[in-house]
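Next come the chains, spelled out residue by residue.
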Amino acid sequence: MRKLTFYGMLGVFVLILFVLFYTAYLDSKPEPVKSNTNSTPAIKINYSNIETQLSKNSIVKSIPADNEILLQFYNFNSGERTIEKAYTLRSSGVKLTNKTEAEIILLLSSKYLENLTNKNLCSVMEKANKNGDLGMETNLSSVELAWKFKSMREYKDCFGL
């Protein structure tokens, strides 16, 4: 009985250490990416160029190779949420889609499209989130989400996480 208690306490101690390490790892901020923002002009994004412009974005490129995110633009013009366009975001590129299911679905009001450029995806998402116009749906637990999309950790603030 004493051995069981000892091993039980040891297991709890290891679990606590793991949780503390994992939390500290997720909360650490990476060094900002240094880039020459003057070399590329800001290009206004719309439905006709969104695939090519977002495919070049560092947030999209950081999506793990075997995963995708569904980005749906919506409006409430009819009194109900209506999806205008949906795009699959993969590290390999952005494509228009008819899909309605994915491990992560981002819902963004289409009114933010008028201010979106190739250089401000994160700040537009942050603003939409602050205003309640960005939604995220997933069936993944927070641990699964953090593990599967760990390559995107530096962008968690963009999505309000």
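Thresholds applied
- Residues numbered from 1 in each chain as written.
- Predicted model: local features only at pLDDT ≥ 70, side-chain atom pairs only at ≥ 80, totals over all residues.
- Heavy atoms only, no water.
- Helix = DSSP H or I, 4+ residues; strand = E, 2+ residues; numbered from the N terminus.
- Buried < 20%, exposed > 50% of the residue type's maximum accessible area, 1.4 Å probe, protein only.
- Areas by Shrake-Rupley, 256 points an atom, 1.4 Å probe, with all protein chains shown as cover.
- Disulfide = S-S within 2.5 Å.
- Pairing = 2+ DSSP bridges.
- Axes fitted to C-alpha atoms, helices over the stretch in contact; angles between N-to-C directions.
- Phe/Tyr/Trp six-rings, centres within 6.5 Å; stacked < 30°, edge-to-face > 60°.
- Lys NZ or Arg CZ within 6 Å of the ring centre and 35° of its normal.
- Salt bridge = Lys/Arg side-chain N within 4 Å of Asp/Glu carboxyl O.
- Arc of directions from axis to C-beta.
- Contact = heavy atoms within 4.5 Å.

Participant: Which residues make up the overall build of the protein chain, and what values do they have?
Facilitator: Counting secondary structure elements, the protein chain contains five helices and five strands. The order of helices and strands in the protein chain, counted from the N terminus, is α-α-α-β-β-β-β-α-β-α. When each of the 161 residues of the protein chain is scored for burial, the buried share is 35%. On the protein chain, roughly 10600 Å² of surface is accessible, and the fraction owed to carbon and sulfur atoms is 58%.

Participant: How would you summarise the state of the cysteines if you had to cite specific residues and measurements?
Facilitator: For the structure on display, the rule yields one disulfide. Covalently, Cys-122 is tied to Cys-158 through a disulfide, its sulfur atoms 1.8 Å apart. A torsion of -95 degrees about the S-S bond marks the disulfide between Cys-122 and Cys-158 as left-handed. Of the two residues, Cys-122 is situated in helix α4 (residues 121–130) and Cys-158 in the segment after α5 (142–148); the sequence distance between them amounts to 36 residues.

Participant: Let's hear about the sheet that holds strand β5 (residues 134–138): which residues, and what values?
Facilitator: Reading across from one edge, β3-β2-β1-β4-β5 is the order of the five strands in this open sheet, with mixed pairing throughout. Looking at strand neighbours, the two that pair on one side only are β3 (93–96) and β5, the edges of this open sheet. The mean angle between the axes of side-by-side strands here comes to 25 degrees, regardless of whether they run parallel or antiparallel.

Participant: Provide a residue-level description of the packing of aromatic side chains, including the pertinent values.
Facilitator: The description of an aromatic ring pair uses the distance of the two centres, along with the angle that the planes make with each other. Counting across every chain of the model gives four aromatic pairs. Consider the rings of Tyr-47 and Tyr-87, whose centres lie 6.5 Å apart with planes at 25 degrees: the pair is stacked. Residue Tyr-47 is located in the loop between α1 (2–27) and α2 (50–55), and its partner Tyr-87 is located in strand β2 (residues 82–90); the two are separated by 40 residues in the primary sequence. Tyr-87 gets classed as buried once you look at its relative accessible area, which sits at 1%. Measuring from centroid to centroid gives 6.3 Å for Phe-73 and Tyr-87, while their planes differ by 80 degrees, and the two rings are edge-to-face. Here the residue Phe-73 occupies a position in strand β1 (residues 69–75), and Tyr-87 occupies one in strand β2, the gap between them amounting to 14 residues. The burial state of Phe-73 is the same as that of Tyr-87; both residues are buried. Ring pairing ties together the aromatic residues Tyr-47, Phe-73 and Tyr-87, which thus form one cluster. Taking the ring centre of Tyr-74 as reference, the NZ or CZ of Arg-81 above it sits at 5.8 Å. Geometry around Trp-147 places Lys-150 over its ring, the cationic atom sitting 3.5 Å from the centre.

Participant: Describe the pattern of salt bridges, listing the residues and the values that go with them.
Facilitator: Scanning the model with the defined rule gives five salt bridges in all. Glu-68 is the salt-bridge partner of Arg-90, the closest N and O atoms lying 2.6 Å from each other. Linking Arg-90 in strand β2 with Glu-68 in the loop between α3 (58–61) and β1, this pair joins segments that are 22 residues apart in sequence. For Glu-68, the salt bridge is made with Lys-99, and the minimal N-O distance between the two is 2.2 Å. Taken as a pair, Glu-68 in the loop between α3 and β1 and Lys-99 in the loop between β3 and β4 (104–109) lie far apart in primary sequence, 31 residues in all. Three or more residues joined by partner-sharing salt bridges are found here, namely Glu-68, Arg-90 and Lys-99.

Participant: Go over α4 with me, naming the residues and quoting the values.
Facilitator: Within α4, the full set of buried residues consists of Leu-121, Val-124, Met-125 and Ala-128. Down the axis, α4 shows its buried residues gathered within 100 degrees of arc, on one side only. Elements in contact with the buried residues of α4: α2, α3, β4 and β5. Residue Gly-132 follows α4 closely and has a positive phi angle near 80 degrees.

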